Amino acid sequence: MDLSFLAIQALNGLASASSLFITACGLTLVFGVTRIVNFAHGSLYMIGAYTAATLVPWLLELSFGPVTFWAGILVSALVVGLIGVLIEVLLLRRIYGAPELFQLLATFGVVLVVQDLVVQVFGPQDILGPRAPGLRQPVEILGRRFPSYELVLIAAGPVVLGLVWLLLRKTRFGVLVRAATQDREMVASLGVNQALLFTGTLFLGAFLAGLGGALQIPRVAANTGMDLSIIAESFVVTVVGGMGSVPGAFLAALIIGQLQAFGILIFPKGTLVVVFLLMAVVLAVRPFGLFGRPEVIGGTHAVGIASRKPQRNGMIWGIGIVALLACLPLVADQYLLKVATEILIFGLFAFSLQILIGVGGLVSFGHAAFFGLGAYGAALGVKWLGAPMEAALPLGLVLAGAGAALIGAFVVRLSGIYLAMMTLAAAQILYAVAFQWVDVTGGDNGIVGVWPSAWASGQSAYYLLTLTLVAATVFLLKRLIDAPFGYALRAARDSESRAEAIGLKVRRHRWLAFVVSGAAAGMAGGIYAFSRGSVDPSLLGIPTSVDALTMLLLGGIQTVTGPLVGAGVLHALRDQIMPLTSLWRLLLGLSIIAMVLIFPRGLVGTIRHWREERA
Amino acid sequence: MTLLAVQNLGKSFGGVVAARDVAFTLERGEMLALIGPNGAGKSTVFNMIGGQLRPDHGAILLDGQAITAASPQARFRKGVGRTFQVAQTFLSMTVVENVQMALVSCHREAQGLWKPTREHYRGQALELLALMGMADAADRSCSALAYGDVKRVELAIALAGGPKLLLMDEPTAGMAPRERAALMDLTSSIAASRQIGVLFTEHDMDVVFGHAARVLVLLRGEIIAAGSPDEIRQNPRVRQAYLGDEHALHAPALERPA
């Protein structure tokens, strides 16, 4: 490994750092002013890439030359900026006061909508943009050839940093942005036109995302997977740098760019892991990132389960419902039983998340980690230890519980949005491990041949087994929520300082909640693995986490039984609608947004509210 | 034996000295008020005694035992109860559950996994609420209460731990004048009957001179005067500290029996 090679790697690192910074800078500015973590930022980046890859070749045909190319890039970024304005006016403006969980979910709804719309507008195939006129010849650096376009990218990062700095320091708009980042309420009470400020910030943020995406077109083909991969990296950059801090984002992007460039030499398959480990380490040492400040807001934002009179016949109702469900195999066909099994599994998965979110106020955005660990634990037990189902299921549960204990130990020091990001990062690390550690996990293909023992292999038998396990776990968790353990979690959610003043060890309680919730999710994951006969990395992916959150939201976050109902409804809808339309994600995204905007209590919560209003 | 002894406590934030050589003692059953103009360091001193802040130097002794570096949880176990400037209760729970939660924690049963919380110590919790005159509201949600009632619930929570020392940060802030006197009357009678030492900060001079047995005056992080309400009222340095606000130190128009 000689010096010139290292120099080229470093330059590669700088080039990706620049692209990353331009995108992440927009994210961090938007967060600083609006306090919303915009999941759709990656979608804006993707739209930027698609727009540029379509627009620039068309422009170049009209008049070939560097000016046209760069004008095309800028116009694409401007278009994306206007889309950002549209999103602000139509959606974000309505959720500034909402709990952060709802904000995250609503912007994720936008991600889903954009995914389908991009395919509709630009077609399903990847689009590679033209190379930049005047920059097609590689340059020679230390005897090695290096693409000249990359050099322009390297320069673009500092240029954008400089321009943003000038904008923030020298213009009235910039002063307002900085003031709002420091103290939004004070800016509001000084009579600043908030709406204009927020819309302007969203334009700027979206413009930067679009610019980041548009600049990629000569390097990477615009594709439909761009949004989630860039948003994950941008989250890491903004969190490591400190949310809301532009210089922090620049520094973090530089570190991460180099880490990726050289990490690939040391761990050829582990670059994703290295990046997320960096974030874990930084947050463990500095809970608010490198340049971040403790959140001023928060605390009052927790929504969740509240005390209500115990149902007189709750136990009888519960037994009755379980007995009714146990009779299902008498009337249902194989397909219906399979669907019912999955609903039960996802009901348990969502219910386990309710312990963290509804009871503990801990917004975990990476709950798929524990579901996937349970599934992989069971599958690995079968594949490598030859374990039967009876041993593999507990193995999955233990692995998920242990994973939750480890992740929880990092996470319980954090709060609010940092906690959500850290759990997301943890899930992404596991996703990367499952994806890249092919020898053990089977990589993208996963592990097949995970079948239940003979006595449970029939569809009816497996359904009954699932029902038994899920009912028993839900019953135990319900006891735990009503017992002092659950109340102590709620106490810490309602008022941390009061909880400490009555002697509650808040962090230990939260850590235990992670272990319990993770183990329950792992149980669900294990059952799921055996019901499908296989596992694959998608079980650990962001969409799986969002599924759990959607079920929770759909059922109602303030109710104990909500997640179970939510799982049933979401699954049934998906089952009915998905075969009919290719726009399933669009519909799901719009429903999530609609739920957040007009239906925040969820189904069970709304019905109960309606009944209480009448009473 | 002295209940609380604070010895040359100091704390600075950057270059700002918020507390300098603060020293005082508090006896069982005594009501001690800590007053001073805004920014004098009252909250800093208070939070160092409550465990929310770690002092730079000095010592805090409870019954002769050092608690200088103890966490809020550990202080609670040693018999320190407190209320906050903005009342802190568990708003998602009913009034009685708030008190039950404190009792559960006091008996170290917060890890309980089986028996429902509402069946723990309900009788005891209701007694405490009755003492506060809140028994009728026991099963209402804490979030549905008027602020004055929330303050009384908070006091019940603080008393549930069976404290020897009660810290009250601006106990009457945000309450109507009549409620203020009632709450402080109640507090002093409980302090006397249970031999609880009470340290409180307060802006309302009627409350201070009507209910404190002794008053400490803090100015720019230092105690400039200590003594009975009458001595404090006559003290020239204190008058100067409150310059421009002389009426604040006049005897309350309506003397109340403490």
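Residues numbered from 1 in each chain as written. Chains lettered and ligands numbered in written order. Predicted model: local features only at pLDDT ≥ 70, side-chain atom pairs only at ≥ 80, totals over all residues.

Draft legend 1. Looking closely at the overall build of chain B. Of regular secondary structure, chain B possesses nine helices and ten strands. In terms of overall size, chain B behaves like a compact globule, its C-alpha atoms giving a radius of gyration of 18 Å where 258 residues would be expected to give roughly 18 Å. Overall size of chain B, expressed as C-alpha extent along the three principal axes, is 60 × 40 × 35 Å. In chain B, which comprises 258 residues, the share counted as buried stands at 48%. Residue pairs in contact within chain B that sit at least 24 positions apart in sequence constitute 63% of those at least 6 positions apart. (Helix = DSSP H or I, 4+ residues; strand = E, 2+ residues; numbered from the N terminus. Rg over C-alpha atoms; globule rule 2.2 N^0.38 Å. Buried ≥ 20, exposed ≤ 12 C-beta atoms within 10 Å, placed from the backbone. Contact = placed C-beta atoms within 7 Å.)

Draft legend 2. Broad picture of the interface of chain B and chain A. Counting from both sides, the interface comprises 32 residues of chain B and, opposite them, 24 residues of chain A. Secondary-structure elements contributing two or more residues to the side of chain B that touches chain A are helix H2 (72-78) and helix H3 (95-106) of chain B. Looking at the side of chain B that touches chain A, the element that brings in the most residues is H3 of chain B, giving six residues.

Draft legend 3. Summary view of the domain arrangement of chain B. Domain annotation of chain B identifies domain 1 (1-79 + 163-258) and domain 2 (87-157). At the interface, five residues of domain 1 of chain B touch four residues of domain 2 of chain B. (Domains from an automatic or database assignment.)

Draft legend 4. Fine view of the environment of phenylalanine 371 of chain A. All names here are of chain A. Summarising the element assignment, phenylalanine 371 is placed in helix H15 (residues 368-385). The spacing of phenylalanine 371 and phenylalanine 250 is 121 residues in sequence and 35 Å in space, taken between C-alpha atoms. Each residue touching phenylalanine 371, except ones within four places of it in the same chain, is listed here: Phe349, Ala521, Ala524, Gly525, Leu539 and Thr544.

Draft legend 5. Seen up close, the confidence of the model for chain A. For chain A, per-residue confidence averages 89 on the pLDDT scale, and residues scoring 70 or more make up 98% of the total. With pLDDT under 50 throughout, residues 296-301 of chain A is counted as low confidence; its partners more than four residues away or in other chains account for six contacts. (pLDDT = per-residue confidence, 0-100.)

Draft legend 6. Region of interest: the nonpolar core. Counting residues in each nonpolar core, the largest one holds 287 residues, and the members touching the most others are Val236 of chain A together with Ala156 of chain B. With sequence-adjacent residues up to four places away left out, valine 236 of chain A is seen in contact with Ile256, Val275, Phe276, Met279 and Ala425 of chain A. (Core = buried A, V, L, I, M, F, W, Y, C linked by C-beta atoms within 7 Å.)

Draft legend 7. Structural detail: the packing of helix H9 (residues 226-241) of chain A against helix H10 (residues 246-266) of chain A. All names here are of chain A. With their axes 7 Å apart at the nearest point, H9 and H10 run at an angle of 120° to one another. On the basis of the axis angle, H9 is oblique to H10. Remark: the crossing between H9 and H10 carries right-handed chirality. From H9, Val236, Val237, Thr238, Val240 and Gly241 reach across to H10, where they touch Gly248, Ala249, Leu251, Ala252, Ala253 and Ile256. (Axes fitted to C-alpha atoms, helices over the stretch in contact; angles between N-to-C directions. Parallel < 35°, antiparallel > 145°, perpendicular 65-115°, else oblique. Left-handed = near helix turned anticlockwise from the far one by under 90°.)

Draft legend 8. Spatial organisation of the sheet that holds strand E2 (residues 16-26) of chain B. Residues and elements named next belong to chain B. Spatial ordering of the open sheet is given by E2-E1-E4-E5, a layout of four strands whose pairing is antiparallel. Because the sheet does not close on itself, it has two edges, and the strands there are E2 and strand E5 (65-66). The sheet contact formed by strand E1 (residues 4-13) and E2 spans seven bridges and is antiparallel. What sits directly across from lysine 11, in E2, is alanine 19. Where helix H1 (residues 42-50) meets the sheet, its contacts fall on E1, E2 and strand E4 (57-62), and the angle it forms with E1 comes to roughly 120°. (Pairing = 2+ DSSP bridges.)

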